[in-house]
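# Coordinate analysis (summary)
One-letter residues, chain by chain:
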Amino acid sequence: MRVVLCDDSGLFRAGLVALLRELGLDIVGEADNAVRLLEMVEGVLPDAAIVDLRLPPTFGDEGLVAALTIRERHPGVGVLVLSTYVETSYAVRLLQGNARGVGYLLKDRVDDAATLLTGIERVARGETVIDPLIVTRLLDRSNAAQTLDVLSRREREVLALLAQGRTNSAIAESLFLSPKTVEAHVASTFTKLGITSAPDANRRVLAVLTYLRVVGHSPEV
Amino acid sequence: MVGFGVDEMDMATSMRARVTPGRDEPRPEATAEHRGCPLFNARVFPLAARRGVRKDEGMRPAAEPLRRRFLVAIGLLTAVTMIVAQWPGLVPGRWLVVHLVNGFVAVLLVVGGARLASRPGQRTNGRLMLAAGLVFVLSSVGWDAGPWAAIGWVAQSMVAVLLAWLLLRYPGDRLTDPYDRVFVPAMFGLVLGLRLLETVLWNPIWGGYEGRAWWPTIGRSQGLHTVNFVVMWLVDIVIGVVFLVLVVRRHRRTTGLARRQALPLLVAGVVGAIVFGVVNNVYPLLTTFWFQSADDVLNLASSLSNAAALLVMMGAFGVAALLGGLQRARVSALLADMDAEHEPETLQRSLRTVLADPGLLLLFKDTAADGWIAAGGDLADLSVNGRRQLVPVSEMDDAVRVALLVDEGVAQQRDLLGAVVRASRLALDNARLQTLAQARLEEVTRSRQRLASVGLEERRRLERDLHDGAQQRLLSVAAGIATARAATDDPVMHERLDDVRDGLRAALQELRDLANGIHPAVLTQSGLGPAIESAAERLALPARIQVEPRRWPPEVESAAYFVTAEALTNAVKHSGAERVGVTVASHGVDLLLTIVDDGAGGATPTPGSGGLTGMRDRVAALGGTLVTVSPSGGGTTISARFPCA
């Protein structure tokens, strides 16, 4: 698999390059700012791009904006956004519109080769990847827990994986269930929570995340 | 009891108030300055009745009858002199009327001038009028013998010149307009010069005088005389027209309180210009070129018109003086109300009303900044002055701490200005202290804000440094460990590396918390909404967060965030709240923050203990307010307001 990296910290980039090479990926380009990244993607057309959220010149959300641009211009290129901190609001922004082939992971995930590799492969395939930490935070809010009481334990597990962007088959694998069962769980979860079912794994991630965010806010205090 | 004296020197430098102690005060005559005749001593009596201060009984009644007697005396003297002067003409007939009117005018001028001169600030004006009167007496002399004819003839024109000068000055005490300043000496020079020349060129025999008249004639040729005469005539008309223009200009220029007096003066000026500038010059023209002999009717008409004009002018002066007096009475009434003013701005407004000067500025000396502070507390910019004058007001100890920036027309009304200043002295002092205190307070607030924003910048830099430096390094080490782990299949190695990885994870988490505690990056990037949401998420606290989608100044956002973070932490850890509501909204230009929880309540800010006191400090450093309502068992509400002007 051919990947392009973009991070303004030379130190981090070097470490990541070493790791990805060890994992058998082909690094076809390195950039330290968004403009360079876009040029590179244009020229090289990799399978995936790994982008830091904070990039020069303002170190705000240039990485996020670049990721969305790449998605628009080159739908065949998967983009994985890495960040030193994960914010639900960024995740929601990333998922707006076409949620195919985008991912948002905590940079810390580099300490686990398997997670990182899976993430890159999934976005290259066109799936959606959301860091479990976001999902955990959302689910753990006690109020959310109350609302989610209507779900069975299985359904809650399915919901968690749904929120991470897993496809039905992936969920089936993780939970050792048959795809049909998973489908049934998903359908009943959505019905119970009142979420409009979305046709594919990508769209429904946004729906679930939004739902969880809203539900995490308490009613009148 | 307070007695006031006025330093007669340049009043632009100071107006002093000397407090003299009670019964033992020196007699006013001893302390006030004398210049020759006591009449011309401009003694200032308080024009405004100060509350609680009785008028000085020793001064006024003693001087009044004295002055009145004096005026009566000189009036009679003038009348007698006029009778003597016009003696040859005092025979029953048409001319008697003229002579009587002349006598009356002379008395008016002399007595009026003397009276005017005794008023404060009108000394020179009064003297001018007095001089005009004396010159008028001279010009009325009807004796042909001796030098009187010549003197009388020259004097005649000087009356108008003196009154013209007076009209351009009154009620001020100097000519301010540059055109006026050029005109007056030119007028004097031309009129006097040409007439002296005329005197020398004209032979009285041509005019029908017998040889008894002493006339300094050197002229033999009537032609030369005629030329000079025509020149004189032209110059007079030009002067008359120019004077008319200047008088109208002056009227237009007059603003404020002097405006009320301006109309009668305009009338006087116009009448004077027309009669003395134009009509008077028609008569000699007629006698020279058409009626060779001095026609009696024309002569009579000319004299009558002159006298009538003078009467009209004196009448106008009288009206102007009356209006001035009424105005002062009105001002006195207004001044009585001013005593109650304390706020600098209301005091300034009162002064503006009283002096009819809407652009008046009340200024206080700021020794620290070496400038003047205006009533609002800001440093005054005096460079754009235009037609304004700075009138310093010196106080009991002769120091100047207060000044008024007034229109130059108002500045010229020295007596009025002086009275207003004296009456409001106490209020001015209060206002000054208040303004200075306000200015100091604003300085302190501004410096605190600067400190707060400096601190913020430092913190943001620190957070970025942590992110760019330490965190990235640790992360690359983490990548290195993963690389090493992937490069080997040895399970022992895997286990060891996993241990290392765990330690690294902990380090990263601590670093992250540290950076977040110093200053969360999401606050800088996305504002209060996402930052507060994130904080609530981290605490696993269900929160209803409503944040107006806008940005505020960074120091304000930072303080609001940390107050909220603290409050949320307290809600979870100390009061066991289950629900929390956070609202951030604009209130005018301020930021209004409200945090409500349903916990146990009973939160009290004990001095010295972090938490609530820390919150209060953060808010106070930016000039805001914090209110905590926390009844035991009833939840806690924290409201903070941050000014963002």
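Everything numeric in this text was worked out from a predicted model, so none of it was measured.

Before going further, it helps to spend a moment on the pattern of salt bridges. A side chain of one charge can pair with a side chain of the opposite charge when the charged atoms of the two come close. What the rule picks out here adds up to 22 salt bridges over all chains. Among the salt bridges present, the one from Arg195(B) reaches Asp236(B), with a minimum N-O distance of 2.7 Å. A residue pair is termed long-range when its members are at least 10 positions apart, and Arg195(B) in helix α6 (residues 178–201) and Asp236(B) in helix α7 (residues 222–253) qualify at 41 residues. One salt bridge in this structure joins Arg641(B) and Asp590(B), with 3.0 Å as the shortest N-O distance. Of this pair, Arg641(B) sits in strand β9 (residues 636–642) while Asp590(B) is found in strand β7 (residues 590–597), placing the two residues 51 residues apart along the sequence. On the basis of relative accessible area, Arg641(B) is assigned to the partly exposed category, the value being 29%. A cluster of three or more residues bridged by salt bridges with shared partners is formed by Asp7(A), Asp52(A) and Lys107(A).

Residue and element names in this part refer to chain B. Taken as a whole, helix α10 (residues 344–354) has its buried residues at Pro344, Leu347, Gln348, Ser350, Leu351 and Val354. The buried residues of α10 occupy an angular sector of 160 degrees when the element is viewed end-on, so they sit on one face. Once α10 ends, the next one or two residues include Ala356, with phi positive near 50 degrees.

A few words on the sheet that holds strand β6 (residues 129–130) of chain A. Residues and elements named next belong to chain A. Taken together, the 6 strands give an open sheet; going across it, the order is β2-β1-β3-β4-β5-β6, and neighbouring strands pair in parallel fashion. For this open sheet the edge positions go to β2 (26–31) and β6, each flanked by a neighbour on one side alone. Note: strand β1 (residues 2–6) against β2, 5 bridges, orientation parallel. Each bridged residue has a counterpart across the sheet, and for Val3 the counterpart in β2 is Ile27. Where helix α1 (residues 10–22) meets the sheet, its contacts fall on β1, β2, β3 (48–52) and β4 (78–83), and the angle it forms with β2 comes to roughly 170 degrees.

Let's shift gears to the packing of α6(B) against α7(B). When two helices pack together, their arrangement is given by the angle between the helix axes and by the axis-to-axis distance. Residue and element names in this part refer to chain B. Where α6 meets α7, the axes come as close as 10 Å, and the angle between the chain directions of the two elements is 160 degrees. Judged by the inter-axis angle, α6 sits roughly antiparallel to α7. Handedness of the crossing formed by α6 with α7: left-handed. Of the residues in the contact of α6 with α7, the class split is 17 nonpolar, 2 polar and 6 charged.

Together, Val80(B), Ile83(B), Val84(B), Trp87(B), Leu138(B), Trp143(B), Trp148(B) and Ile151(B) make up an exposed nonpolar region whose accessible area comes to about 720 Å². Of the residues forming the nonpolar patch, the biggest block, 3 residues, is contributed by helix α2 (residues 60–85) of chain B.

Looking now at the interface of chain B and chain A. Of the residues lining the interface, 39 residues belong to chain B; the matching set on chain A comes to 39 residues. Summing both partners gives a buried area of about 3400 Å² for chain B against chain A, and 54% of it is carried by carbon and sulfur. Across the chain B-chain A interface, the total number found is 3 salt bridges. With a shortest N-O distance of 2.6 Å, Asp111(A) and Arg505(B) are connected by a salt bridge. Our enumeration of links across chain B and chain A arrives at 6 residue pairs in polar contact (both at pLDDT 80 or more). Taken together, the elements giving at least two residues each to the side of chain B that touches chain A come down to α13 (425–487), α14 (491–518), α15 (521–526), α16 (528–538), β5 (543–547), β6 (580–587) and β7 of chain B. The element contributing the most residues to the side of chain B that touches chain A is α13(B), with 14 residues. Looking at the side of chain B that touches chain A residue by residue, the classes come out as 17 nonpolar, 9 polar and 13 charged.

This part takes up the packing of aromatic side chains. For the coordinates displayed, the defined rule picks out 4 aromatic pairs over all chains. A centroid spacing of 5.3 Å and a plane angle of 70 degrees characterise the contact between Tyr170(B) and Phe317(B), whose relative ring orientation is edge-to-face. Linking Tyr170(B) in the loop between α5 (148–169) and α6 with Phe317(B) in helix α9 (residues 296–338), this pair joins segments that are 147 residues apart in sequence. Take Tyr170(B) and Phe317(B): they sit in the same class, and that class is buried. Ring centres of Phe183(B) and Phe243(B) lie 6.3 Å apart, and the angle between their planes is 20 degrees; on these two criteria the pair is classed as stacked. Of the two residues, Phe183(B) is situated in helix α6 and Phe243(B) in helix α7; the sequence distance between them amounts to 60 residues. Judged by relative accessible area, which is 8%, Phe183(B) ranks as buried. The aromatic ring of Phe12(A) is capped on one face by Lys107(A), whose charged end is 4.4 Å from the ring centroid. If you follow Lys365(B) out to its NZ or CZ, it ends over the ring of Trp372(B), 5.0 Å from the centre.

Parameters and conventions
Residues numbered from 1 in each chain as written. Chains lettered and ligands numbered in written order. Predicted model: local features only at pLDDT ≥ 70, side-chain atom pairs only at ≥ 80, totals over all residues. Heavy atoms only, no water. Salt bridge = Lys/Arg side-chain N within 4 Å of Asp/Glu carboxyl O. Helix = DSSP H or I, 4+ residues; strand = E, 2+ residues; numbered from the N terminus. Buried < 20%, exposed > 50% of the residue type's maximum accessible area, 1.4 Å probe, protein only. Arc of directions from axis to C-beta. Pairing = 2+ DSSP bridges. Contact = heavy atoms within 4.5 Å. Axes fitted to C-alpha atoms, helices over the stretch in contact; angles between N-to-C directions. Parallel < 35°, antiparallel > 145°, perpendicular 65-115°, else oblique. Left-handed = near helix turned anticlockwise from the far one by under 90°. Nonpolar A, V, L, I, M, F, W, Y, C, P; charged D, E, K, R; others polar. Patch = residues over 30% accessible without salt bridge, like charges linked within 9 Å, V, L, I, M, F, W, Y side chains within 5 Å. Areas by Shrake-Rupley, 256 points an atom, 1.4 Å probe, with all protein chains shown as cover. Buried area = accessible area lost by both parts, 1.4 Å probe. Polar contact = N/O pair within 3.5 Å; in protein donor to acceptor, adjacent residues only side chain to side chain. Phe/Tyr/Trp six-rings, centres within 6.5 Å; stacked < 30°, edge-to-face > 60°. Lys NZ or Arg CZ within 6 Å of the ring centre and 35° of its normal.

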